[in-house]
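# Structural features, examined
If you want the building blocks of each chain, they are given just below.
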Amino acid sequence: MEWARDSLKRLEDSREARRNAVHEELSQEEVDRLLQEHHPDHSGKGRSIAVGANANATAFPIELADLLESKSRLPDDYVPAADIETDVLIIGGGGAACSAALALNESGLKTLLCAKLRLGDSNTVMAEGGIQAALGPEDSAQRHFADSLVGGHGKNDPQLLKRLCEQGPEGIRWLTELGCLFDVTEEGMFRLRLGGGASVPRVLACRDYTGLEIMRTLKDATRLTTTEIMEDCPALELLDDGAGQVSGATIWNRQKNCLQSVSARAVLLATGGAGQLRFQQFGTSNHVGATGDGLVLAYRQGCHLEHGGSFQYHPSGSCYPEAMSGRLVTEAIRSVGAQVVNNEGHCFINELTYRDVLAAAIIREVREGRGIQTPAGSCGVWLDTPLIDIKHGAGTLQKQFPGIVHRFAPFGIDPSQTPILIYPTLHYQNGGVRVDEWCRTEINGLWAAGEVTGGLHGTNRLMGNSLLDIITFGRRAGESIKAQLPERKAATRSAADRFQRDLQKLSESSVQGPQLFPVEMNMNATPGQ
Ligand SMILES: Cc1cc2nc3c(=O)[nH]c(=O)nc-3n(C[C@H](O)[C@H](O)[C@H](O)COP(=O)(O)OP(=O)(O)OC[C@H]3O[C@@H](n4cnc5c(N)ncnc54)[C@H](O)[C@@H]3O)c2cc1C
């Protein structure tokens, strides 16, 4: 990185002085000002929409607003018939979907899981840093609750958060029994790391590929259940009985290139996030299927989107080399000592402060000219990764973060020797479909779990709480469906058609939704019938 020689020299020269420096915490006023001035959620680039449960009440990112107002992908003359009949339809193929399928197993209910891509192609499999659970000697569910509530700016739904924190240790036991191998200490105890915004170490990890290990465990276990799995089958529309109850979905079977309608007594949306919508042209850490489909489908049925304008921009997205742009550099690397440093060699903020605050501070540094510009014109700040080995001994970074080392190696970058250039990346959907503590939406017959839901994390999620979310609420959704399975109803497109008519009274959209794939993939072909 010859182009950054002077900047790297300033970073190295300042290392000894800042190594053990203690940061003054920002006052609440400073935090509020930083967020208002520099966080992308407050850029003023959102807009409200005129139809549906959030009409005129929420400023959505423009790309999401366009999709919420989009035309259905179902051809106008398509009439759903019950091509497939099941008791429970799970839409999604990530951690929340599999957790629900496992909870439904042996219930005697016929369960069908439809995934847009292959089972396990998801954000879950990409998770790096870890999963929170109050297992440490100093820890408790109350403490976990308090940390998450402060992190979420007090906007978390307290009932959802209470369930999450109470059930954390049990969720870890369940995963371990299924075969998930978390890192342990020499004494055989779970190794717990400190996460940003947490008051005690609470994050369990599998090195820096926690999601890969969790998804492996869940996927293997799900394949051993009686759940029928249909891959390459995105849901295009939810179906309802014409009287307010969701009763199935129309899917696009991409292998056969045909539409199929599924009649179900209960439908669970577990479609994950929306990072691939790349609001305000931010890079994203998300997998290719994260296009907010569940938000669009649920909204057409009348669901509220809680905190629908709140998204998490992860502070440490990679910004050099360009091929790695937007890819995540896990927060855990900061919890073991990597500092964020600007072009002047100055460590401008506590690297373990809340994600939204840190992201806003990095954006400010860049806007105010203290960033480091790459030859291709991107700009970011340094993550001083060599500090990890300096603080904890040679080889620590390689041992604890083999994934990061592996990903940078093809570009000739060894993060234990050379700092990584970072800039915030669109990472997580804080808001989403409104649910209660049993994952019931406001619409009968429709449940939702995981990243597609909103309320649990307020307007800022703490590291490790999403993996716990999908385990806790995926399973709770399954339990709730078992206990409250509605009767089978007719499967029509009444609600979706009514929504389209309401939209057309205002204007005709040129966009089709849900989006299904990133725009660049040019996958907008209308499915055959
Ligand atoms: C790079 C990265 C690192 C992360 N690290 C952490 C971490 O360390 N700790 C933590 O707690 N959280 C982390 N997260 C967040 C966390 O991984 C996710 O929020 C969580 O796993 C989401 O699980 P989910 O089951 O709700 O969604 P996903 O795992 O994304 O699954 C959604 C599934 O739905 C499918 N789908 C989408 N649309 C449709 C459709 N129309 N029809 C059918 N199927 C559809 C998708 O293909 C996918 O299979 C990370 C996220 C990313 C991207």
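Cut-offs and rules
- Residues take numbers from 1 onward in each chain, read along the sequence in its written order.
- Only residues with pLDDT of 70 or above have their local features reported here, since the model is predicted, and side-chain atom pairs are shown and tallied only from 80 upward, although totals for entire chains, interfaces and linings are computed over all residues.
- The side-chain figures draw on all heavy atoms in the structure; neither hydrogens nor water molecules are used.
- Nearness of a residue to a molecule or strand requires only that one of the residue's heavy atoms be within 4 Å of it.
- Polar contact criterion, stated in full: a pair of N or O atoms within 3.5 Å, where within protein one must be able to donate a hydrogen and the other to accept it, and residues adjacent in sequence count only if both atoms are side-chain atoms.
- Shrake-Rupley sampling with a 1.4 Å probe provides the accessible areas, and residues are treated as covered by the protein chains on show and by no other component.
- Helix and strand assignments come from DSSP, with helices taken as H or I runs of at least 4 residues and strands as E runs of at least 2, each series counted from the N terminus.
- Basically, the charged four are Asp, Glu, Lys and Arg, the nonpolar ten are Ala, Val, Leu, Ile, Met, Phe, Trp, Tyr, Cys and Pro, and anything else, Gly included, counts as polar.
- UniProt positions are given in the numbering used here, feature names are shortened, and annotations may be inferred rather than shown by experiment.
- For every residue, the accessible area (1.4 Å probe, protein chains only) is compared with the maximum for its type, and the residue is labelled buried under 20%, exposed over 50%, or partly exposed between those bounds.
- In what follows, a contact means two residues having at least one pair of non-hydrogen atoms within 4.5 Å.
- Here is the rule: rings of Phe, Tyr and Trp (six-membered ring for Trp) pair when centre to centre is within 6.5 Å. Planes less than 30 degrees apart are stacked, more than 60 are edge-to-face, and the remainder are tilted.
- Axis lines are fitted to C-alpha atoms, over the contacting stretch for helices. Their N-to-C directions set the angle, which ranges from 0 to 180 degrees.
- Every angle not falling under 35 degrees, over 145, or within 65 to 115 is termed oblique; those three ranges are roughly parallel, roughly antiparallel and roughly perpendicular.
- Note on convention: near helix rotated counterclockwise from far helix by under a right angle means a left-handed crossing. Clockwise means right-handed.
- Two strands pair if DSSP finds at least two bridges between them.
- A patch consists of residues exposed above 30% relative accessible area that lack any salt bridge, with like charges linked at up to 9 Å and nonpolar side chains (Val, Leu, Ile, Met, Phe, Trp, Tyr) linked at up to 5 Å.
- When a carboxyl oxygen of Asp or Glu lies within 4 Å of a side-chain nitrogen of Lys or Arg, that pair is called a salt bridge.
- Charged residues are defined here as Lys and Arg on the positive side and Asp and Glu on the negative side; His and the ends of the chain fall outside this count.
- Charged groups are reduced to one reference atom each: NZ for lysine, CZ for arginine, CG for aspartic acid, CD for glutamic acid.
- How far each domain reaches was decided by an automatic or database domain assignment.
- Computed with a 1.4 Å rolling probe, the buried area is the accessible surface lost when two parts are put together, summed over both parts.

### Describing the site of the ligand
Among the 40 residues in the neighbourhood of the ligand, the closest are listed as Asp121, Thr124, Gly130, Glu451 and Ser466. The contact in question runs from a nitrogen atom of the ligand to an N or O atom on the backbone of lysine 116, over 3.0 Å. Leucine 467 places a polar main-chain atom, nitrogen or oxygen, 2.8 Å from an oxygen atom of the ligand. Notes on the ligand: free accessible area 1000 Å², of which the protein chains cover 99%. Those elements that provide at least two residues to the shell around the ligand are helix H4 (95–104), strand S18 (420–429) and helix H14 (465–483). Looking at the shell around the ligand residue by residue, the class counts come to 14 nonpolar, 20 polar and six charged.

### Things to note about the UniProt feature "active site" (unreviewed entry) in the protein
With numbering matched to this structure, UniProt assigns "active site" (unreviewed entry) to Arg355. Looking at the element boundaries, arginine 355 is found in helix H10 (residues 355–367). Take arginine 355: its relative accessible area is 7%, and that puts it in the buried class. The contacts of arginine 355, once residues within four sequence positions are left out, are Gln312, Tyr313, His314, Pro315, Glu331, His427, Asn460, Arg461 and Met463. Side-chain polar atoms of arginine 355 contact the side chain of glutamine 312, separated by 2.9 Å.

### Topic: the packing of aromatic side chains
Tallied over the entire structure, the rule returns six aromatic pairs. Geometrically, the ring pair formed by phenylalanine 182 and phenylalanine 190 is edge-to-face, given 6.0 Å between the ring centres and 90° between the ring planes. The exposure class of phenylalanine 182 is buried, given its relative accessible area of 8%. Where tyrosine 299 meets phenylalanine 499, the ring centres are 5.8 Å apart and the plane angle is 85°; that geometry is what we call edge-to-face. Here tyrosine 299 is found in helix H8 (residues 293–301), whereas its partner phenylalanine 499 is found in helix H15 (residues 494–506), with 200 residues between them in sequence. Residue classification places tyrosine 299 among the buried positions, given a relative accessible area of 0%.

### Focus: the packing of helix H2 (residues 28–38) against H10
With their axes 9 Å apart at the nearest point, H2 and H10 run at an angle of 60° to one another. Classed by the angle they form, the pair H2 and H10 counts as oblique. For the element pair H2 and H10, the recorded crossing hand is left-handed. For the pair formed by H2 and H10, the contact residues are Val31, Leu34, Leu35, Glu37 and His38 on the first element and Asp356, Val357, Ala360, Ala361, Ile363, Arg364 and Arg367 on the second. When grouped by side-chain class, the residues that make up the contact of H2 with H10 number seven nonpolar, one polar and four charged.

### Considerations on the sheet that holds strand S8 (residues 203–204)
Within the open sheet, the three strands sit side by side as S6-S8-S7. Their pairing is antiparallel. Strands with a single pairing partner mark the edges of an open sheet, and in this sheet they are strand S6 (131–132) and strand S7 (192–193). Relative to S8, S6 is paired through two bridges, and the arrangement is antiparallel. The residue bridging glutamine 132 from the neighbouring strand is valine 203, located in S8.

### A look at a negative patch on the surface
Among the surface-exposed residues, Glu24, Glu29, Glu30 and Asp32 lie close enough to one another that they form a single negatively charged patch. Looking at the secondary structure, you find glutamate 24 in the loop between helix H1 (5–19) and H2. With a relative accessible area of 74%, glutamate 24 lands in the exposed category.

### Remarks on the environment of alanine 141
Mapped onto the secondary structure, alanine 141 falls in helix H5 (residues 141–151). Residue alanine 141 is classed as partly exposed on the basis of its relative accessible area of 25%. The spatial distance from the C-alpha of alanine 141 to the C-alpha of proline 169 is 9.0 Å, given a sequence separation of 28 residues.

### Brief notes about the domain arrangement of the protein
The domain architecture assigned to the protein consists of domain 1 (2–38 + 312–426) and domain 2 (84–310 + 430–495). Using only C-alpha atoms to locate each centre, domain 1 and domain 2 end up separated by 30 Å. Summed over both sides, the interface of domain 1 with domain 2 buries roughly 2300 Å², with 51% coming from carbon and sulfur. Of all residues in domain 1, the largest losses of buried area upon contact with domain 2 belong to Gln312, Tyr354 and Leu426, amounting jointly to 30% of the total for that side. Where domain 1 packs against domain 2, one counts one salt bridge.

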